[in-house]
Each structure stands twice: as C-alpha cells, then as structure tokens.
Amino acid sequence: PLEAEAHFLGELRAFPLTVRARTELAALYHNMDRVDEADRALSELIRIAPTPDAFAQAARAWTSFGNPRQAAAVREQARRLFALPAQPDTAAVHQ
C-alpha cells in the first residue's frame, strides 16, 4: 500500500489534474482505513479539477465508501455548476 501511495502521489505531482490517480488514491486511503485522507483526496479532486467527470467520479467513490450524503451533495453541486439552459419544447413550437 505504501508503494502504491507513493506512486499516486508522484503521478499527482507531475499531473495534478489526473482524475484517475486522485480517485484511486482516495480508494487506497479508504481501504487502509484512512478515511479522512480519502475524503480529502476526493474534495481536492473536485477543487483542483472541477469537471463533470471529476464530480461524477467523486460521487461514485463516496457512494462506494458508504457516504451517500456526501455523494448526493457532490451530485447536486455538479448539477448547479454544469446545468444546461432549458431547451424549448420543440413539439409545442411546431403545433
């Protein structure tokens, strides 16, 4: 586990926006019962790389870690950040 942690941390130093490395680091921490560090890694993920994919990965990870409330909060934050403008109902327009 320590070798894997060093690998992920090295990858993140070189490529800080890598979603996969940060989510795998969080999973590693979670599996090592380092829950606070797992949560911090996921929080950093959506702060450093605020993309729809990063939010989705963080929500999935928190769900798998047994934290559905945090997963729901991240999904809601993503909906607010990445919401598309409402599209007109094309069926109603053509009637």
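Anything mentioned here points back to the structure above.
Keep in mind that what you see is a predicted model, and the values were worked out from it rather than measured. (Residues numbered from 1 in each chain as written. Predicted model: local features only at pLDDT ≥ 70, side-chain atom pairs only at ≥ 80, totals over all residues. Heavy atoms only, no water.)

### Some thoughts on the overall build of the chain
1) Next: In terms of regular secondary structure, the chain is built from six helices and zero strands.
2) Next: Listing each helix as α and each strand as β along the chain from the N terminus yields α-α-α-α-α-α.
3) Next: Taking all contacts inside the chain whose residues are at least 6 apart in sequence as the whole, residues at least 24 apart take part in 33%.
4) Next: Accessible area for the chain stands at about 6300 Å²; split by element, carbon and sulfur atoms hold 57% of it. (Helix = DSSP H or I, 4+ residues; strand = E, 2+ residues; numbered from the N terminus. Contact = heavy atoms within 4.5 Å. Areas by Shrake-Rupley, 256 points an atom, 1.4 Å probe, with all protein chains shown as cover.)

### Comments concerning the packing of helix α2 (residues 19–31) against helix α3 (residues 35–48)
1) Next: Contact pair α2 / α3: the axes reach a minimum separation of 7 Å and the direction vectors enclose 165°. Compared by their axis directions, α2 and α3 come out roughly antiparallel. In this structure, the crossing between α2 and α3 has a hand that is left-handed. Residue-level contacts link V19, R22, T23, A26, Y29 and H30 of α2 to V35, E37, A38, A41, L42, E44, L45 and I48 of α3.
2) Next: Split by residue class, the contact of α2 with α3 holds nine nonpolar, two polar and three charged. (Axes fitted to C-alpha atoms, helices over the stretch in contact; angles between N-to-C directions. Parallel < 35°, antiparallel > 145°, perpendicular 65-115°, else oblique. Left-handed = near helix turned anticlockwise from the far one by under 90°. Nonpolar A, V, L, I, M, F, W, Y, C, P; charged D, E, K, R; others polar.)

### A word on the nonpolar core
1) Next: Within the largest apolar cluster, 23 residues are counted, with the highest numbers of intra-cluster contacts made by L25, L42, L45, A58, W62, F65 and V74.
2) Next: For this core, the secondary structure elements donating two or more residues are α1 (2–14), α2, α3, α4 (52–64) and α5 (68–82). (Core = buried A, V, L, I, M, F, W, Y, C linked by side-chain atoms within 4.5 Å. Buried < 20%, exposed > 50% of the residue type's maximum accessible area, 1.4 Å probe, protein only.)

### Let's talk about unusual backbone geometry
1) Next: For D33, which is not glycine, the phi torsion reads 60° and is therefore positive.
2) Next: In this structure, D33 sits in the loop between α2 and α3.
3) Next: Taking the relative accessible area as the measure of exposure, D33 reaches 67% and is therefore exposed.

### Things to note about α4
1) Next: The terminal C-alpha atoms of α4, which comprises 13 residues, lie 18 Å apart, in line with the 18 Å expected from a rise of 1.5 Å per residue.
2) Next: Residues of α4 that are buried include every one of A54, F55, A58, A59, A61 and W62, and no others. The arc that holds every buried residue of α4, seen down its axis, measures 165°, which confines them to one face.
3) Next: Residues of α4 that are buried make contact with α2, α3 and α5.
4) Next: In the segment just after α4, G66 is the residue with positive phi, at about 85°. (Expected span 1.5 Å × (residues − 1). Arc of directions from axis to C-beta.)

### A closer look at the side chain of E11
1) Next: Tracing the sequence through the fold places E11 in helix α1.
2) Next: Taking the relative accessible area as the measure of exposure, E11 reaches 16% and is therefore buried.
3) Next: In this structure, E11 is in contact with T18, R20 and A21, ignoring residues within four places of it in sequence.

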